Structures are given as C-alpha cells and as structure tokens.
Amino acid sequence: MTVFTKIPKQVEDAMERWSGTTSRRDFLKNSGLLVVSFGTAAMAEASPLVPRSVAQTVAAEGAGPYQDPDFRQLDSWIVIHENSTATFYVGKTDGGQGTGTAFRQMMCDELDIAFDQTDLIMGATDLTVDQGGSGGSDGIERDGWTMRRVAAEARRVLLEMASDLFKLPVDQLAVADGVISVKADPSRKVSYGDLIGGRRFNVTLTGQSINATTGKATVKPVQDLKIVGQSLPRYDIPSKVDGSHKWAVGATAPGMVHARNVRPPFAGAKLISIDESSVAGLPGFIRVVNKGNYLAVVCEREEQAIAASRQLKVEWQKPATPPFPNSEDLYQYMRSASPTSSSKPDVVGNPDAVMARAAKVIEAEYEVPFQGHTALGPAHGMADPSGGQMTIYSNDMKSYGLRRGVASFLGMPRDRVRVVWMEGPQLYGRTAADDAGFEAAYLAKEIGRPVRMQWMRHEETAWDVKGPAYTFKLRGGLDAQGRLLALEYDARSADYNHIGYNDPDTVLIAQLMGRRPAAPAAGSARTPSEMYAIPNRRVTTHVVGLPLVWESPLRVGNLRDPNGPQVTFASESFIDELAAAAKTDPVEFRLKLLTADSSDDEQFKRRRSIAVIKAAAAEYGWDTRPSPKPVGKGPILTGRGISYCYRGRTVVAEIAEVEVNRETGHVWVKRFVCAHDCGLVINPGGLRRTIEGNLLYGLSRALHEEVQFDTEKVTSVDWRTHPTLTHADTPARIDVVVVNADPNPKRPDLPHYGAGEPSCKPTIAAVANAIYDATGVRIRRVPFRDERVLATLEAAHEAS
Amino acid sequence: MSLITLNVNSRTHTVDVDSSTPLLYVLRNDLGLQSPRFGCGLGQCGACTVIVGGNAVRSCVTQVSTIRSEITTLEGLAKPGTLHPLQQAWIDEQVPQCGFCQTGQILNAKVLLDRNANPTDAEIREWMAGNLCRCMTYYRIQAAIRRAAKTMADARLGSGTEVSA
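Nothing here was measured: the structure is a model prediction, and the numbers come from that model.

Q: Residue-level account of the overall build of chain B, with values.
A: On a plain count of helices and strands, chain B comes out with five helices and five strands. When the helices and strands of chain B are read in sequence order from the N terminus, they spell out β-β-α-β-β-β-α-α-α-α. The principal-axis extent of the C-alpha atoms belonging to chain B is close to 50 × 35 × 25 Å. For chain B, buried positions account for 55% of its 165 residues.

Listed below in structure tokens is the structure:
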C-alpha cells in the first residue's frame, strides 16, 4: 500500500540514484522545496517503460508550517540538479489536456535544455507558487508567458555565470541542451549542473503579481523556439496505461478511515432525528457525524462505510413548498418567473424601427437544460490531520483555493493547511472535488484520523454543480434581398446563486450546515461571441432563480465552458434559421456578415473568423446551397451543419455531418470537421486530441445530457437515468485543421491562446444545423435524444 | 469476516474480509492495486474492470467470494520489460486524457481481441459501448484498438506462431 505522508525508503534511494547526488535532498530541504518526484529510477521499479519524467508530486515530510513559495525568487520556479537535469515548479494543474507537457516544452525552450532532462511539479500549494491552479483555458495563454519568462531568466543567469567563468562576454557564448560553450572554441564548455547544480540561484524576480513575474531576460522570438511546436508525447501517459500512475483516489495514510455522506432524500429537507443504533453494531463502525443537515458516517473499511450510509435510519422533513418545478415544466417556469436581475439592453442602431419595416421577420425560442459535471469518478478527497496540520490530497483543479477555503472553514491558520494536487477524473470547472475536499478535512478534524471521502454515483450525478439552464428568444429581420438588418437576443439563465470555487460559505457542506454568505451571488446570462456585423441589434439578458435557493441539488456554477454551449446553440442555430429564410447557403450567409467595414480590432477578429469558416468548409468539401437539402426517401437522412464562435481569443468553426434515422429519431454524427485558431501551437498532437475530446464532449451535451427532476428531487442519478456519449456514438472521422490567421503570423511575439474549452462551444449548434439540413425540421431544445427527435419530426410532419 | 484466497497477476493472496465485499475494494484497499477504479458501484461504467478467467468483469458488483479463476488487473497486463500491444497502442495513439477510465477500456479491449483478433469498426463500437469515458477519448481508443489488432496480426505473421496476448 502506498503511503504518501512518508517517503518510502526505496523511493528515496531511487531518487538519489536518479539525481546522481545525495545533496539534492539537502538542497530541497535548505531551499524549502522539499519534494519527492518519481523520476526514472523510481518509476522503473514499477514499470520499465515510463519516461524519466513523471509529474507525480508526492508529499513532503515534516509538519509545516507551509509557507507560500515566494514567486519573486527564481528558486521557487526552477531547480537545477548536479547532473544538469532540471525540475520546474508551476502552480497549475493538468486536467488531461497535456498542459503539463506543454508547459515543460515552453520552459525547456527558454532554458535551452532537452525535454527529457526535465521534470515538472504542479499544483502542490507548499511547493509551487499560487498560479491559481487551472480554469478558463488560460494556462497556456497567460501562465505560459510567466513560465517562459522565468525560464529565460534562469538561462540568462547561467550565461552570466559562464561569462565569469570563461572571462568572456555573454555574446561570445553559445547554449545547447544545458551546456554553455565558447563560440570560438567549443571545447571550452560547462554544463548547467557544473555551474549551479544543487545550489540556489538566489535571484530576485520582479512583478506586481504572480502573473507579472519576470526577470531581466526577454523571452525568445517564436522563430528560435525548437521544442515548442513539436508533438512530443505526454509524460503522464505511460503510467496511465501500465497501471502505475498515482491518483488522488489512491491517497492513503496510516490509520486512514473511510467516510460516506448521507444526503437529504428531498431537496430542502430538514434533518429531524438520527437513529444511531441502526448502524452502531455494524463491523468497523466508528462514528456518525452530523451538523445541521450535513450527515456522514465513518467506518474502518470502505465497504463498511457504504453499508452504514445505506442502513442509517434518519428522519427528514420535507419542505413546505416544492423546491423547484419538475424538469418538463422548467422552461415555462423560467419564462414566466420574475428575473432576479436583468441587464440593461445593449442596443446598436435602431432595431425596433428596422424590424418594423423588414421584408421578413422570423422568431425562435431555444431551450437548454441543466447539465452536470457527472465526473466518471465521483468526487473524492483524503485529508490527513496529523500533527495539528491538515494535508488534503485532491484532484481539485484549484488546489490553492481549496487550501484557502478549508483553512477558513475550519478556522485553521493558512500555513497549517496544504493541498497536494494529484490527478483524478475530469476536473474542468467547479466540480464537486471542492465539496469532497472540504468534507474530508472537516471529518478528519472531527475524527482526528486521516479520512478518505468518496461520493457515490447517485451523489455525483444528483448533487454535483450544474451548468445553468437557459431559455432564449431571438428575432431577426431580413430585407428583400435576404440581408440581415436587425437582430434581437433575449436570454434567461437559471444562474441565480451561482457558486464560486472553494467558497467556505457556499460549498455544499457549508450550505447543509446552515452557513450562508450575506447574499446569493447574482449570477449571469451570457451573450453570443460571434463577430457578425449586424447594423441594428438589441441584446438583453436576465437571471432567474428557482424557489429553493440554498441546499439545492440544482446548484449552479462553472461547468466546462460555463455558458458557451448554451448561448452558441441558440445564436448559431438562429443564424442558420435566418440563412434558410434568406434561402442562402449557411457558410455564405455567415461570411457576408463578417465582411463589413469596422474598427481595426474588429477587423482583426473578423479576419480570423473568416479564416476558420473557410478552412472548415474547404476541409469538409462544402457544397454551396441553402439548407435544408431535399429530403431523401429512405429511413436514413443525411445533412451537414456549420457553427462558429470565439472563446476568449480563440476562434473555432465546426461542421457536423449527421445521419438521422427518421424511424427511430436516432442521430449519429458521422463526421466532424473543426478549424481551430488558438494562435501559436505548443504541441500540435496534444492540441488535436484536446479538440477531439472537446468535440465529443459537446456532442454528449447535444445528444444525451440533461438533469431531470420531479418537484422533490433530482431523478437522474446514474448512467441509465443520466446517459452520456458512448463508443457507439463516436464519429467515423474527425478532421482538425489548425489555422493561424494572425495578420502577421511571422511576428516574433506571436501569442499562444487557450484550447481547453473553445471547441466544445459551437458543437451543439453544428449538430442542430445538420439535423435541420437533413430533415428540414428545426430542433430547438437540447438534448437531441432519440425520442425527442422522433417526436419533433412527427410533429413537423403532422403540421405540414 | 472470512479468509479468501485470490490469485491476482500470478500471485496468491489471502485476505480476511466479509465474503460479500465487492472485489473492487479488496483489490484496491487490501492488495494495493490502484488500476481498477470506483466509477459507479453499479456495473454501468466499466472503470472497475478486471479480467477474471478470460472475461471482463466489473469488480464493483462482483462479490469477492464468488471468484474462482485467476484475476488480471492492468498492473499485470505487461510482461516484464514489454508492454502488451494494446498498452503500446494506447501510448502510440496518445489515448488518455485524464486517464481515469482507461484501465477498463484497455482490459475490455483485450478481451475483445482475445476473442476476435480482427474486429470491424462496428464490432469495436458495440463491444466497447459499456465502457464510458467523460473526457471523450472514444475516437482515439478505437484507433488504438485497430492499431493493436494490426500489431498482433503482424506479430503472428512474422513469427508464424500464435502469439498469446
């Protein structure tokens, strides 16, 4: 059994062999960077085939206090060992998109060191500076610059040291693969390890914030980057396929016990009484822990905790009024509810007057349900209270926030709490990993032993954080030539009481204990991100709340691309409806809307929009014609649809080709094409796979995912009642085109933008538009499950 | 509690657990094998898959006392120094994202190829449909299965003998 709170002897020995020195530990101790990383030799014992570098952070010895690593010290970011290998420390987390590999590539390039001579430690709050963990697809876009700058500074300092050594100016020296040589006499050379291995840089950096951290060095021009741009294999994959990978779910500690929650059976229920005798005699039973409506059982063994959580007799009182409408009535409720807040309408031109004299006005409403994270592995966390400290092993993407939140929640000094980030299932957004981490820490403090909290499937699916449901109403006015003159967009989002990350007042255990912030967060409804030049426009947004505000399983927060798929489904479906009304090809219709004169900034964004749309159409082999195509004769109808959007500074166009079975309503996306411009690409292979996953994630939300509920509780609680995409849905073909339509693609400071979320954003709309092209029937409510598609087709058939 | 003997990855273990304990928890918590993972506890997602007597078995819904054959977990799939062709294909295709489900994906694919050395795309989809992945790596998984099938076929041709996988 792996014990993470002590370094196993064989690992220590292996580490020393790997580092080639016994001073590394001392160095780390002295530098405050005590850490064990599983390097080659350590992993080689478990597997002969893993690469030398595995970003497996394993806990340090010692009981704190856990100071924040000083971001203004170069030593907090980069350590060079005597054998000329380097370890990079970054305050980010990798959700499986290979950002760790990409960060290493960027830092290796700036430091001039071979990729396989480096290792990377991520997201351990006492070892890596607080770069916020992950979120917003901004790791490469923003934090990558910080990492490049500190690595460039390390290279500069090393060059100066070599300059002193050789008594030559820096410009007479060359660097390659961690060796500095004299240009005029390459036999005179010194390695990074010989210059500084095992010692501290002691170089102070500047910058008002962590993101602004910099040294004196400038980063390399893009043209000089050699490792960036290569499809290097991810360092974490070998251990994930040979079974040797260490996960947060596997974290253990001596004396660890197992906990399970007991959730209210009805939303908003009040706990009246607990019959502890119903479980007291069970083997391994330790304790029932209760405060307010929060309830958990703790047992010695995992299966015992599960059994106890099921057998515990509890009396709950239902709330006096229903907590929410049932899911079939949700949209009607949202449309008729008084908004909790509304935006001031954003008006361009004179939409009312223009709409009144338009040759054709069309109108449509769209509906998107609550959709959940429903991670493949339910939320979990392990908390160890040894020595009056609290160490939490978690896959939470924001490990720093978890540390701050737990310290506040437990009333512990922050320097007594640390979070060791380890990998886990699917971390994008405000997952329930936050909640499980708090629960584990609370219970560990109560019990006085290390506690492993593991949510069950029904908890994860019913109680995890939901992306908000939306209703939309759009109107568009076309002139006699089919030009779009005016557009009105009105969105309602069920986003009231939007919960933040690791907030000690809104995390689920706090809600159930009755702890509340002064007021719920207002939430928001978002607007389209396309760059169409529409002369007259009105954009209005509203937020609505459900009757039960607190302790609700329909609690809203950030889901992967929190509002994008919903908003883009409506806006890009409607553009397609307008194109059809104008009897214009959907690609052509979009391109016309993007060619208007405008300010420089908009031109830049439009140029990139046009480039991805054209690239997608070319890759697909798009035949120019209006949608829908003439409806075919057999049971299988085929069609194609396009959709495009921005997310941040990344722009994406997608084409879906579908087969619709009109006898069953089944939709299969046979082919996807995605044209993607995220600026400078760090790892093309990694980008491609990230996009593939995003497309299918968007497809899962398009075809399957919907949180369902009656007027008492969430009723979608497992993979049968809450289906997800499966192997059977997988497209036969996915084509990815990487575009860079920067006006000056050769500029030396070409930026790198985010790619973790943008390509899941336009997918639902592309599929809906393809279904329309195939069938001539517009489907305006997500998801497009077989029975709904069939009902929509039949209703359209009856109406015609 | 009762003493139960299991043969896992060619090693024999005896554990003292309640006979109704799901095999998953014995593998993870008593034997320290991390590859089978809890995903649903309902046999719906495949994250806990192990191979028992040549069959892909969902260890979260299998009582430990019912095991009569040798168990192979992902940790036991490679031979010393050599990955199974499926594991190598998973690396070559760079399949995993978070990687949490990949244990079950690989082991279920192994059982498929053991029974059907050259599956069609439709057969792969159908066989694998019960193994869920929320990072949605399905496209790459299917490519990796095709790649491994080809590698294994080539090896059989090359050696002229049946390669046991």
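Q: Mind laying out the interface of chain B and chain A, listing which residues take part and the relevant values?
A: With 50 residues of chain B at the interface, the matching set in chain A holds 51 residues. The set of elements that each furnish at least two residues to the side of chain B that touches chain A consists of α1 (23-30), α2 (85-92), α3 (102-115), α4 (121-128) and α5 (138-159) of chain B. With four residues, α5(B) is the single largest residue contributor to the side of chain B that touches chain A. Here the side of chain B that touches chain A is built from residues that sort into 25 nonpolar, 19 polar and six charged.

Q: Describe in detail the domain arrangement of chain A, supporting the description with residues and values.
A: All names here are of chain A. We note that the domain assignment places domain 1 (63-246), domain 2 (250-320 + 379-454) and domain 3 (593-799) within chain A. Spacing between the C-alpha centres of domain 1 and domain 3 amounts to 37 Å. Taken residue by residue, the interface counts 20 residues in domain 1 and 18 residues in domain 3. Going through the elements one at a time, α4 (99-111) and α5 (139-166) are the ones with two or more residues in the side of domain 1 that touches domain 3.

Q: Give me the packing of α4(A) against α5(A): which residues, what numbers.
A: All names here are of chain A. Between α4 and α5, the shortest axis-to-axis distance is 8 Å and the interhelical angle comes to 35 degrees. Between α4 and α5 the crossing geometry is right-handed. On α5, the residues that touch T99, A102, F103, M106, M107, E110 and L111 of α4 are G139, I140, G144, M147, R148, A151, A152, A154 and R155.

Q: Please give an account of α5(B) that cites residues and values.
A: Between the first and last C-alpha of α5(B) there are 31 Å, a value that for 22 residues agrees with the 32 Å anticipated at 1.5 Å per step. Listed as buried for α5(B) are Y138(B), Y139(B), R140(B), I141(B), Q142(B), A144(B), I145(B), A148(B), A149(B) and M152(B). Of the surrounding secondary structure, the elements contacted by the buried residues of α5(B) are α19 (684-703) and β29 (733-738) of chain A together with α2, α3 and α4 of chain B.

Q: Kindly report on the pairing of strand β20 (residues 417-421) of chain A, identifying the contributing residues and their values.
A: Residues and elements named next belong to chain A. Summarising burial for β20: five of the five residues are buried, a large majority. Of the two faces of β20, both are covered, the one formed by V417, V419 and W421 as well as the one formed by R418 and V420. Pairing between strand β19 (residues 390-394) and β20: five bridges, direction parallel. Each residue of the ladder has a partner; that of T391, found in β20, is R418. Crossover handedness for the path β19 to helix α12 (residues 399-410) to β20: right-handed.

What counts and what doesn't
- Residues numbered from 1 in each chain as written.
- Chains lettered and ligands numbered in written order.
- Predicted model: local features only at pLDDT ≥ 70, side-chain atom pairs only at ≥ 80, totals over all residues.
- Helix = DSSP H or I, 4+ residues; strand = E, 2+ residues; numbered from the N terminus.
- Buried ≥ 20, exposed ≤ 12 C-beta atoms within 10 Å, placed from the backbone.
- Contact = placed C-beta atoms within 7 Å.
- Nonpolar A, V, L, I, M, F, W, Y, C, P; charged D, E, K, R; others polar.
- Domains from an automatic or database assignment.
- Axes fitted to C-alpha atoms, helices over the stretch in contact; angles between N-to-C directions.
- Left-handed = near helix turned anticlockwise from the far one by under 90°.
- Expected span 1.5 Å × (residues − 1).
- Pairing = 2+ DSSP bridges.
- Right-handed = clockwise from strand over helix to strand, strands pointing away.

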